[in-house]
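Structural characterization, general
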Amino acid sequence: MSEEIKNTAEPKANNKILEVDNLRVYFHTKKGDSKAVDGNHFDMYENQTLAIVGESGCGKSVTAMSILGLVSEPGEIMPGSKILYTGNGKNVDLAKASDAEIQDIRGNEISMIFQEPMTSLNPVFTVGEQIMENIRIHEDISDEEAKARTIKLLGQVGISRPDEVFNNYPFQMSGGMNQRVMIAMALSCSPKLLIADEPTTALDVTIQAQILMLMNQLKNELGTSIMLITHDLGVVAQVADWVNVMYAGKVVETADVQTLFKNPKHPYTIGLMSSMPSLATEGSRLNVIEGTVPNPVYLPKGCYFADRCKHCMQKCLESQPPVVEFENGHKAACFLYEEAEQKGE
Ligand SMILES: Nc1ncnc2c1ncn2[C@@H]1O[C@H](COP(=O)(O)OP(=O)(O)O)[C@@H](O)[C@H]1O
Ligand SMILES: [Mg+2]
């Protein structure tokens, strides 16, 4: 029995492109170390979408930032962390790579879509210029070729009249259109791995559904591996193959998407599900999980979810819960299932 979930998303026949092992990211603050990510383990494969789900402050974005080499002081990727990127025949530990090595991969083989497109797009350049620029940083091609590729990409993300939109400034377009531009930019170098951090949170539901469909299509057509970060289980249900549920810097449950929805084990996962509008029965009140995620500077000795958990027992306050394995790689870190584990069920 180990104390941390070592997730291994179903490999099927796909190539592994990322192996994250024992990832710890601490922010060294005056009050002490803020353990934003404290022992994260997972693998990513081509043509798969891994969803990372959890409330705000659970370490989802910090996990993504570490893969992209964007953790800076007072943050530190702690010694012993491994982020092995094996896409495109490479073998680079991004936890230890130099800035130059990371820059060569970021925006090229690994790219990212952020929550708020308007803060990531430059207001003084047209969207076409920005995508072209991104292509030319990584590839030595002519203006004409870069422009043609940009217009094609805008079309691929579902923008009609892409040759006109090429000349638009971000402020001339809706949030949904700008998010499509961000996706086109993220795809401009045919990434092996796309990290999407709350990509649809700022969008209305119709646009959200279109963007999620687009991401699914990319995965299927280009074999892209997608890491989808969200606090919304509804989004997970629509696009994920595999799911890691994070709480206070740790993965508390991992499973394929069908299993997770059919048979959630961790009280936190169950709580998240019963707070989803689409899963609650009509007319019933939504169950919000009372309380808040603990401050990562002052983590309790026992289970981090204990103070919010309906099933909390004495031992939950005293030590870290065991990781219990169910069928098909489904795992949860919780004392509730400890006996089943011991009986070998
Ligand atoms: N630059 C920073 N300095 C100090 N603490 C940080 C910093 N960035 C993130 N954190 C802390 O790390 C924890 C995880 O944050 P984050 O990964 O952004 O959460 P999520 O994306 O799951 O909402 C939070 O407690 C947050 O306060
Ligand atoms: Mg975040």
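In short, a report on the structure. Because the structure is predicted, anything quoted here is derived from the model rather than measured.

1. Brief notes about the packing of helix α4 (residues 127-138) against helix α5 (residues 143-156)
- Relative to each other, α4 and α5 sit at 120 degrees, their axes nearing to 9 Å. Between α4 and α5, the angle is such that the two are oblique. Between α4 and α5 lies a crossing of right-handed hand. Across from Gly-128, Ile-131, Met-132, Ile-135 and Arg-136 in α4, the residues of α5 making contact are Asp-143, Ala-146, Lys-147, Arg-149, Thr-150, Leu-153 and Leu-154.
- Residues belonging to the contact of α4 with α5 are distributed by class as follows: six nonpolar, two polar and four charged.

2. Brief notes about the pattern of salt bridges
- Counted by the stated rule, this structure contains 16 salt bridges.
- Residues Glu-4 and Lys-250 are paired through a salt bridge, measuring 3.5 Å at the closest nitrogen-oxygen approach. Taken together, the residues span a long stretch of sequence, with Glu-4 in the segment before β1 (16-29) and Lys-250 in strand β11 (residues 250-256) at a distance of 246 residues. Lys-250 shares its class with Glu-4; the two are buried.
- The salt bridge involving Asp-93 is made with Lys-96; its shortest N-O contact spans 3.0 Å.
- The network of salt bridges with common partners includes Glu-4, Arg-24, Asp-38 and Lys-250.

3. Describing unusual backbone geometry
- In this structure, the amide linkage connecting Glu-73 to the following residue, Pro-74, adopts the cis form with an omega of 5 degrees.
- Phi at Ala-248 takes a positive value of approximately 50 degrees, unusual for a residue other than glycine.
- Relative to the elements of secondary structure, Ala-248 occurs in the loop between β10 (242-247) and β11.
- Relative accessible area serves as the criterion here: at 5%, Ala-248 is assigned to the buried category.
- For Asn-328, which is not a glycine, the phi torsion comes out positive at approximately 50 degrees.
- Residue classification places Asn-328 among the exposed residues on the basis of a relative accessible area of 52%.

The rules behind the values
Residues numbered from 1 in each chain as written. Chains lettered and ligands numbered in written order. Predicted model: local features only at pLDDT ≥ 70, side-chain atom pairs only at ≥ 80, totals over all residues. Heavy atoms only, no water. Axes fitted to C-alpha atoms, helices over the stretch in contact; angles between N-to-C directions. Helix = DSSP H or I, 4+ residues; strand = E, 2+ residues; numbered from the N terminus. Parallel < 35°, antiparallel > 145°, perpendicular 65-115°, else oblique. Left-handed = near helix turned anticlockwise from the far one by under 90°. Contact = heavy atoms within 4.5 Å. Nonpolar A, V, L, I, M, F, W, Y, C, P; charged D, E, K, R; others polar. Salt bridge = Lys/Arg side-chain N within 4 Å of Asp/Glu carboxyl O. Buried < 20%, exposed > 50% of the residue type's maximum accessible area, 1.4 Å probe, protein only.

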